[in-house]
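Listed here are the chains, written in short residue letters.
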Amino acid sequence: MKLVATSFLIGATIIFFGTHAFEGAWVGYVRAAAEAGMVGALADWFAVTALFRRPLGLPIPHTAIIPERKNMFGQTLGDFVGVNFLSPEVVQDKLRRAGIAERAGAWIKQPENAERITNELANVIKGAITVLKDEEVQAVLEQAIVKRVTEKPWGPPLGKLLGQVLTDGAHHKLVDLMCDRAYEWVRDNSDKVSLIVTDRAPTWSPKFVDALLGDKVYTELVNFAWAVKTDVNHPMRLAVDQFLIEFATDMQTDPATMHRAEQVKQQVITHPDVQKLISSAWGTAKKMLIDAAEDPSSELRKRVTQGLITLGTNLTDDLELRAKVDGWLEQAAGYVVSNYRAEITTLITDTVERWDAEETSRKIELQVGRDLQFIRINGTVVGALAGLVIYTAASLLF
């Protein structure tokens, strides 16, 4: 395009000088048009060239505008974007009209899209777990969980929990189970009961007396176990309830009981099996997560996929939920724009500042140069026409 525009200038120049070889009234009109075309072409060549470099390398003021004022252009562009595009009203209105929640829901509820998101989440989980160092994660778990659990006394919270269980009567099923098992054991172990009686009997006691006494004790024990099993108001049951209530209270108020609870806690924590469980907790959890993430048929991935489909369906069908999600997005976008608009626009200005001035000028010229060369062509043509009109008017008037 530069060659085409320059050829117009060359053509006007040739015509201008060529007219000096001819005579006639028409020669003046042609010469005036060619002369004005030359002036227009040169003027527009200077204007176009001055945008990107210094014409002929001369230090003429207000030339090489783009290389010299690159940073100012970046700052102006950043301010323009910040004012006209990153205002909370503009961003929120755009989000409101976009209907992101409905469109996202329609996309997510498609099974293949939900599966795709699940795959990406699985890759993220695997990547995050792989990057984490096992010893660091283990240290965090011990500090954040184990240490916090061991620092707090166990007595009062356990006593409060036990008291709530007793108040709700949830322990009755456990008591029923214990009574059932106790009755079944007594019923099925008559030999053991008799053996205990005979072993405790005096050596001088006759064997048949020991046997009769053993049978009697067994019968009474079976009757007693049956009564406890079948009578919910049996004194034994009431005694167990009273004991548990008192124990729950002591765990919250009695120093001796609370101290024993702390001793039990320390014994549990310091037990080798518990320490081994704690040290291997992250390794076990890590393996479970990786296996679940890698297996497309794992229950975890199935639940995540189904949850995404359900979420997408709710977003498309539930107008109230969709309005809430859109409202949250608008509020979040408004907050980000209001508080971080300067940082966002700084990305533009800083990027432009890092550009090389000459390279930037070259890239812009390649993008818009074709249109700018048309300005030179138009300048030649319009200049020639203007010169012709002026010459004609002058000839007529003078």
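Just so we're clear, the structure is a prediction, and the values are computed from it rather than from any experiment.

**Concerning the overall build of the chain**
A tally of regular secondary structure across the chain gives 19 helices and zero strands. Whereas a compact globule of 398 residues would reach a radius of gyration of roughly 21 Å, the chain reaches 47 Å, over 25% beyond that. Across the 398 residues in the chain, those meeting the buried criterion constitute 28%. Across the chain, the fraction of contacts at a sequence separation of at least 24, relative to all contacts at a separation of at least 6, is 71%. If you sum the accessible surface of the chain, you get close to 26,700 Å²; carbon and sulfur atoms cover 64% of it. Averaged over its 43 positive side-chain charges, the chain has a centre that lies 4 Å from the centre of its 50 negative ones.

**Let's talk about the UniProt feature "transmembrane region" (unreviewed entry) in the chain**
UniProt records the feature "transmembrane region" (unreviewed entry) at residues 377-397, using the numbering of this structure. Helix and strand shares over residues 377-397 are 100% and 0% respectively, and the end C-alpha atoms of the span are 30 Å apart.

**What about the packing of helix H17 (residues 299-317) against helix H18 (residues 319-354)?**
Running from N to C, H17 and H18 point in directions that differ by 100°, and their axes come no closer than 6 Å. Put simply, H17 runs roughly perpendicular to H18. Every residue of H18 that contacts H17 at Asn314, Leu315, Thr316 and Asp317 is listed here: Leu319, Leu321, Arg322 and Val325. Residue classes in the contact of H17 with H18 are distributed as four nonpolar, two polar and two charged.

**Description of the packing of aromatic side chains**
One pass over the structure, following the stated rule, counts five aromatic pairs. Seen from their ring centres, tyrosine 335 and tyrosine 340 are 6.4 Å apart, and the 70° between their planes marks the pair as edge-to-face. For tyrosine 340, a relative accessible area of 40% gives the class partly exposed.

**Quick notes on the pattern of salt bridges**
A complete count under the given rule lists 13 salt bridges for this structure. Arginine 96 serves as the salt-bridge partner of aspartate 93, at 3.7 Å between the closest nitrogen and oxygen. Of the two residues, aspartate 93 and arginine 96 both sit in helix H5 (residues 88-98), three residues apart, roughly one turn of that helix. For aspartate 93, a relative accessible area of 30% corresponds to the partly exposed category. Among the residues examined, arginine 96 registers a relative accessible area of 47% and is labelled partly exposed. Bridged by salt links that share partners, the residues Asp93, Arg96, Arg97 and Glu330 form one connected network.

**Some words on the side chain of threonine 380**
When you line up the elements, threonine 380 lands in helix H19 (residues 357-397). When its relative accessible area of 5% is taken as the criterion, threonine 380 is described as buried. The contacts of threonine 380, once residues within four sequence positions are left out, are Phe8, Ala12, Gly37, Gly40 and Ala41.

**As for a nonpolar patch on the surface**
A surface patch of nonpolar side chains, about 320 Å² in accessible area, is lined by Val4, Phe8, Val381 and Leu385. Secondary-structure elements contributing two or more residues to the nonpolar patch are helix H1 (2-18) and H19. Summarising the element assignment, valine 381 is placed in helix H19.

**Here we look at the packing of helix H6 (residues 100-108) against H17**
Between H6 and H17, the shortest axis-to-axis distance is 7 Å and the interhelical angle comes to 140°. One element, H6, and the other, H17, form an angle in the oblique class. Of the two possible hands of crossing, H6 and H17 adopt the one that is left-handed. Across the interface between the two elements, Ala101, Glu102, Gly105, Ala106 and Ile108 of H6 pack against Leu308, Ile309, Gly312, Leu315 and Thr316 of H17.

**Digging into the environment of alanine 225**
If you trace the backbone, alanine 225 turns up in helix H12 (residues 207-230). It is 7.1 Å that separates the C-alpha atoms of alanine 225 and cysteine 179, two residues lying 46 residues apart in sequence.

**Quick word on H19**
Helix length check: H19, at 41 residues, gives a terminal C-alpha distance of 52 Å against a target of 60 Å (1.5 Å per residue), a shortfall beyond 12%. Considering bend angle alone, the principal kink of H19 is centred on valine 368 and spans about 65°. Those residues of H19 lying buried are Thr360, Ser361, Glu365, Gly369, Leu372, Gln373, Arg376, Ile377, Gly379, Thr380, Gly383 and Gly387.

**Looking at the environment of threonine 198**
Examined against the element boundaries, threonine 198 turns out to sit in helix H11 (residues 190-200). We classify threonine 198 as partly exposed; its relative accessible area is 31%.

So, how was this worked out
Residues numbered from 1 in each chain as written. Predicted model: local features only at pLDDT ≥ 70, side-chain atom pairs only at ≥ 80, totals over all residues. Heavy atoms only, no water. Helix = DSSP H or I, 4+ residues; strand = E, 2+ residues; numbered from the N terminus. Rg over C-alpha atoms; globule rule 2.2 N^0.38 Å. Buried < 20%, exposed > 50% of the residue type's maximum accessible area, 1.4 Å probe, protein only. Contact = heavy atoms within 4.5 Å. Areas by Shrake-Rupley, 256 points an atom, 1.4 Å probe, with all protein chains shown as cover. Lys, Arg positive; Asp, Glu negative; His and termini not counted. Charge placed at Lys NZ, Arg CZ, Asp CG, Glu CD. UniProt positions renumbered as here; feature names shortened; annotations may be inferred. Axes fitted to C-alpha atoms, helices over the stretch in contact; angles between N-to-C directions. Parallel < 35°, antiparallel > 145°, perpendicular 65-115°, else oblique. Nonpolar A, V, L, I, M, F, W, Y, C, P; charged D, E, K, R; others polar. Phe/Tyr/Trp six-rings, centres within 6.5 Å; stacked < 30°, edge-to-face > 60°. Salt bridge = Lys/Arg side-chain N within 4 Å of Asp/Glu carboxyl O. Patch = residues over 30% accessible without salt bridge, like charges linked within 9 Å, V, L, I, M, F, W, Y side chains within 5 Å. Left-handed = near helix turned anticlockwise from the far one by under 90°. Expected span 1.5 Å × (residues − 1). Bend = angle between axes of the 7 residues up to and from the residue.

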